[in-house]
Each structure stands twice: as C-alpha cells, then as structure tokens.
Amino acid sequence: MSTVTTREAFVHPALFYRTEQEYTQQTVAFLSEGLTNGEPMAVAVPGPNLELIKAGLGGDAEGILFLDMTEAGRNPGRIIPKVLRGFADAHPQGRVRIIGEPIWAGRSAVEYPACAQHEALINAAFEGRAVTILCPYDEVRLDPQVIADAKVTHPTLISGEGRESVSSVYDWQAVVDRYNQELVPAPDAVAFAFGDEDLPAVRQFALAQAMRLGMAGERLMDVELAVAELTTNSVVHGGGHGTLAVWAEQGQLVCEVRDAGRLTDPLAGRRPREHGQLGGRGLMMVHYVADLVRVHTSDDGTTVRFYLSL
Amino acid sequence: MDVPHAVGGPAPVESGRAALEVSPLPGRAGIRARGEISVLTRPSWEQALSELARRHAGVSYVELSDVAFVDVAGVTALAITAMNLPDGRVVVENPPPQLPRVLEMFWPGLDRIEVASR
C-alpha cells in the first residue's frame, strides 16, 4: 500500500485483517510510510489494538497521537468532528495520516447503523482534502454484512497480506440511505407534545423523567442541554412543534424528538465551526455528550434520538 | 438598558414560561440576568451582550445567579462577544452549569472569559 496516497487528495482504504499478526504488520507498514513522509499521524482504535500497534512500532510510536476509539468514538457521530477533523484541522499543512477503527466486534445492533453511516459520511466530510484514513476491519469476528458494507463505504480495499484493490461496489450514499431506518419508541415510553411556548416545560419533563429512570449527576445537565437543542430545532426548523419520548432500555436512557421537518444535510452536526462562527453547534453538542445518536429522516418527518448510559 | 426589560412575558419571571430580564449591575460595569437564555429569549440576551460590548472597558461582569438555564446558542453569543472585545475580559459570575460545560466543549482555554462559579 504505497502509491495511492500521492495521487488522490482524500484516501480512505479499508483493511481486512484476520489475525493480530496481519493487523500489526499492515498498520505498522501504513504508519512507517507516514513517518518516512513526515506526516502528522493519529491512531484511534480499540484499546487492545492500540497496544498491538505501539508494540509493533517500538520507538517509532513517539510523536503519534493514540486514542482509545471505544471512548473517543463511543458515539460514532462524534468521530468526524472531534477525532478526525479535530486532528486534521490542527495540522493544516500537508497530508495527515490517521488509522480509525470505529467498528469492532461488540458494537451493538442499535449502534451499527450509525457506525455504517459514519464510515460512509467520512467520504463526504474529507472530499478533496489531503488526508489518509485507514479503517481496519476484523474479518473473522465481524458480521459478513459489516464486511460487505465496508466495501461500499471505502473506495480502496486492502487485504491482510497488503494486496490493494479498487472497490467495485463503492457507493457511500447507498449506505447512508440503507441505514436511514425508521425509529419506533419503546412501548413504555412517556411522551410530551410541545410547541414553542412549551420549550421550558418539555426540558423540565425530560429532566424529571431522566431522574425517575435513574439518571443522576452531570449527565442530567447533558440531558437538559441535548433535549433543549433537539426541541428547539423542531420549533425553529421542524415545523414549529414536535413530540419528545423518553424511556430506558439496556441500561441506557433514550430521549427521542420527532417533528415534521426533513434533514437535508447528511453532515449536519459533524462540521466543526470556526471559533468565532455563530450557529451550527447544537446537534454537534448532542453528538459530543451522547453515547449514541440515531437519526431517521424522510418526507414524513425527522426523528432524532440519543442514548446515555444510566 | 437602564431599566429592566422582559421578553416572552410580563415580569416577574414565572416558572414554565420562558422569560429573561436583563438589568445593569449596580456599581460595576456589566449586566445581571434573570430567567432563562434560550431561543425564546435570544433577542433580549443578544441585545444585552452588544450593549455590554459597546460599554466595555477593561473588565465587564455578567451576573447569572438567577439564570436557571442557558443553551448552546446562548453560550455561543457570549463567547463570540468576549472574543470580539478589543481588550480585557468578561467575568461571568454564578452561571448555570451548562455554561462552563459548553465553553469547555467548544472554546477550551478561552482566556477572554473568566468563570466565577456557584
């Protein structure tokens, strides 16, 4: 894997590995190339894989930013603004090189659609930029559908032996659409229909329900901030009113806001703002504080829900 | 803004209705706000901040102990006001907890704002 980086602006290969040895060999080769080129580098992968890469690099690991993706990228919706653009924007001179592993065995069925959409949206977020992002996939432990989707979201594919090929099925928009799935509140959800006059009341309702379901401490503030943002969006952009539903499932609090609007920008909430720029931080804040954000949008309306661990 | 004014409903602030009163701080440069800072009270907050910027000399104070909630756009307006000041800083006193949380998220290390916490 040596030549593509110089030809195209944005390079986004998927690496399909089957063993720890393949993983280490290919990621270290990728980073060594960056070292030779003098490129700023970051590695955001699950903890055990971080250790494999660090061990493989030895002394060369110095100067590389290492992040545990299970924390930094717990919510896949914040990986683009916070992890990838966070690093790329901090190094505007020349090409930057990143390893990002957002999908690992153990990602839940609720998380996966947002993970696949994230992988697809990387292509839109970095189009034309001198950035290389290698995404490793565990071919043995991940579901075959995950591997199939990765071939649609990555223009370049790399085998465990380092053989590189062009994906014949690359079509990231198709994956964004496929995982734009209808969301249905849990049967035991409590709901609150709101208009603009009710914004303080719906926030209070969310807080009371979150406390009833066992949320405490700082995360209550995050619930209030995130619900305020989503309900305000409904009032300002989503037809003037909406419905909040709150429930708990699998040890997580879920808050869902439904309105009549349509989300036309697939990168909404994932574009970092300049420090002095007004607006555009609301949905990004929801991505930053939540453990997961799921979105469904169609001509019939938009549903945004966020999950926070209890 | 020499007299208190309210937006979104008549004073006094009632719970459940969004209102914001802003008045000058007695004896110091700056403002005191009461109510909540959200989309419903945005014009009043932004007007108060531009007035604060216009009168700013060195240090301005923003007293928020009677503000129960501020949203991301409200913190953004304050941060941008502070960044655009020619010099000095804004001291925010007793803000609701969302304010330092959002400042840290989007403007970490912004030295134009000093938060004196509750």
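It should be emphasised that the depicted structure is a prediction, and the values quoted were computed from it without experimental measurement. (Residues numbered from 1 in each chain as written. Chains lettered and ligands numbered in written order. Predicted model: local features only at pLDDT ≥ 70, side-chain atom pairs only at ≥ 80, totals over all residues. Heavy atoms only, no water.)

**What about the overall build of chain B?**
- Scanning chain B for helices and strands turns up three helices and six strands.
- Overall, chain B shows an N-to-C arrangement of helices and strands of β-β-β-α-β-α-β-α-β.
- For chain B, the residues scored as buried account for 49% of the 118 residues in total.
- A separation threshold of at least 6 residues defines the contact pool for chain B, and within that pool the share at least 24 residues apart is 58%.
- Accessible area of chain B: about 5,100 Å², with a carbon and sulfur share of 51%. (Helix = DSSP H or I, 4+ residues; strand = E, 2+ residues; numbered from the N terminus. Buried < 20%, exposed > 50% of the residue type's maximum accessible area, 1.4 Å probe, protein only. Contact = heavy atoms within 4.5 Å. Areas by Shrake-Rupley, 256 points an atom, 1.4 Å probe, with all protein chains shown as cover.)

**Let's talk about the environment of B:G58**
Residues and elements named next belong to chain B.
- Turning to its location among the elements, G58 is positioned in the loop between α1 (42-55) and β4 (59-70).
- In this structure G58 comes out as partly exposed when scored by relative accessible area, which is 30%.
- Considering only alpha carbons, one finds G58 and L85, 27 residues apart in sequence, at a separation of 9.4 Å.
- Excluding residues within four positions of it along the chain, G58 makes contact with D87, G88 and R89.

**Remarks on the pattern of salt bridges**
Residue and element names in this part refer to chain A.
- Applying the stated criterion across every chain yields a total of 27 salt bridges over all chains.
- Its salt-bridge partner being E224, residue R203 comes within 3.6 Å of it at the nearest N-O pair. You can see R203 sitting in helix α9 (residues 199-212) and its partner E224 sitting in helix α10 (residues 218-237), a full 21 residues away along the chain. Each of the two residues, R203 as well as E224, counts as buried.
- Here the salt bridges do not stand alone but share partners, grouping R18, E22, E161 and R163 into one network. (Salt bridge = Lys/Arg side-chain N within 4 Å of Asp/Glu carboxyl O.)

**Structural notes on the confidence of the model for chain B**
Residue and element names in this part refer to chain B.
- When pLDDT is averaged across chain B, the result is 87; 85% of the residues are at 70 or more.
- Within chain B, the lowest mean pLDDT, 43, falls on strand β1 (residues 5-7), and the highest, 97, falls on strand β5 (residues 89-93).
- Residue range residues 1-15 is modelled with pLDDT below 50. Its contacts to residues more than four positions away, or to other chains, number 32 contacts. (pLDDT = per-residue confidence, 0-100.)

**Some points on the nonpolar core**
- Of all hydrophobic cores here, the largest spans 65 residues; its most connected members are A:V223, A:L244, A:F306, B:W45, B:L64, B:L78 and B:F106.
- If one sorts the elements of this core by residue count, α10(A) sits on top with nine residues.
- The residues touching A:F306, leaving out its near neighbours within four places in the chain, are A:V223, A:A226, A:V227, A:L230, A:L253, A:V254, A:C255, A:V286, A:A290, A:L292 and A:V293. (Core = buried A, V, L, I, M, F, W, Y, C linked by side-chain atoms within 4.5 Å.)

**Notes on the packing of helix α5 (residues 79-90) of chain A against helix α6 (residues 112-125) of chain A**
Residue and element names in this part refer to chain A.
- Taken N-terminus to C-terminus, the directions of α5 and α6 make an angle of 55 degrees; their axes are 11 Å apart at the nearest point. As judged from the angle between their axes, α5 and α6 are oblique. Of the two possible hands of crossing, α5 and α6 adopt the one that is right-handed. Contacts from I79, I80 and L84 of α5 reach α6 at H118, L121, I122 and A125. (Axes fitted to C-alpha atoms, helices over the stretch in contact; angles between N-to-C directions. Parallel < 35°, antiparallel > 145°, perpendicular 65-115°, else oblique. Left-handed = near helix turned anticlockwise from the far one by under 90°.)

**Structural notes on the sheet that holds strand β10 (residues 242-249) of chain A**
All names here are of chain A.
- Spatial ordering of the open sheet is given by β9-β10-β11-β13-β12, a layout of five strands whose pairing is antiparallel. Sheet topology places β9 (190-194) and β12 (292-298) at the edges, where each strand pairs with a single neighbour. Taken pair by pair, the neighbouring strands of this sheet meet at an average axis angle of 15 degrees, ignoring direction.
- In this structure, β10 lies alongside strand β11 (residues 252-259), joined through eight bridges in antiparallel fashion. Residue pairing in the sheet places L244 in a bridge with V257 of β11.
- Where α9 meets the sheet, it contacts β9, β10 and β11, and its direction lies at approximately 170 degrees from that of β9. (Pairing = 2+ DSSP bridges.)

**Concerning the pairing of β10(A)**
Residues and elements named next belong to chain A.
- Two elements, β9 and β10, share five bridges in a ladder whose sense is antiparallel. The residue of β10 that forms the bridge with V190 is V246.
- Between β10 and β11, which follow one another and run antiparallel, lie two residues, and Q250 among them has a positive phi close to 50 degrees.

**Quick look at the interface of chain A and chain B**
- Taken together, the contacts link 24 residues of chain A with 20 residues of chain B.
- For A:R203, the salt bridge goes to B:E36, with nearest N and O atoms at 2.8 Å.
- Across the chain A-chain B interface, the total number found is four residue pairs in polar contact (both at pLDDT 80 or more).
- When residues of the side of chain A that touches chain B are traced back to their parent elements, those giving at least two are α9, α10 and α11 (282-289) of chain A.
- Ranked by the residues each element gives to the side of chain A that touches chain B, the list is headed by α10(A), at eight residues. (Polar contact = N/O pair within 3.5 Å; in protein donor to acceptor, adjacent residues only side chain to side chain.)

**Focus on the side chain of B:R112**
Residue and element names in this part refer to chain B.
- Structurally, the position occupied by R112 is in the loop between α3 (98-106) and β6 (113-116).
- Although R112 is buried, it forms no salt bridge, and the closest oppositely charged side chain is D111 at an N-O distance of 5.1 Å.
- Of the polar contacts made by the side chain of R112, one reaches the backbone oxygen of G88; its length is 3.3 Å.
- Not counting chain neighbours up to four residues away, the residues in contact with R112 comprise A82, M83, L85, P86, D87, G88, R89 and V90. (Lys, Arg positive; Asp, Glu negative; His and termini not counted.)

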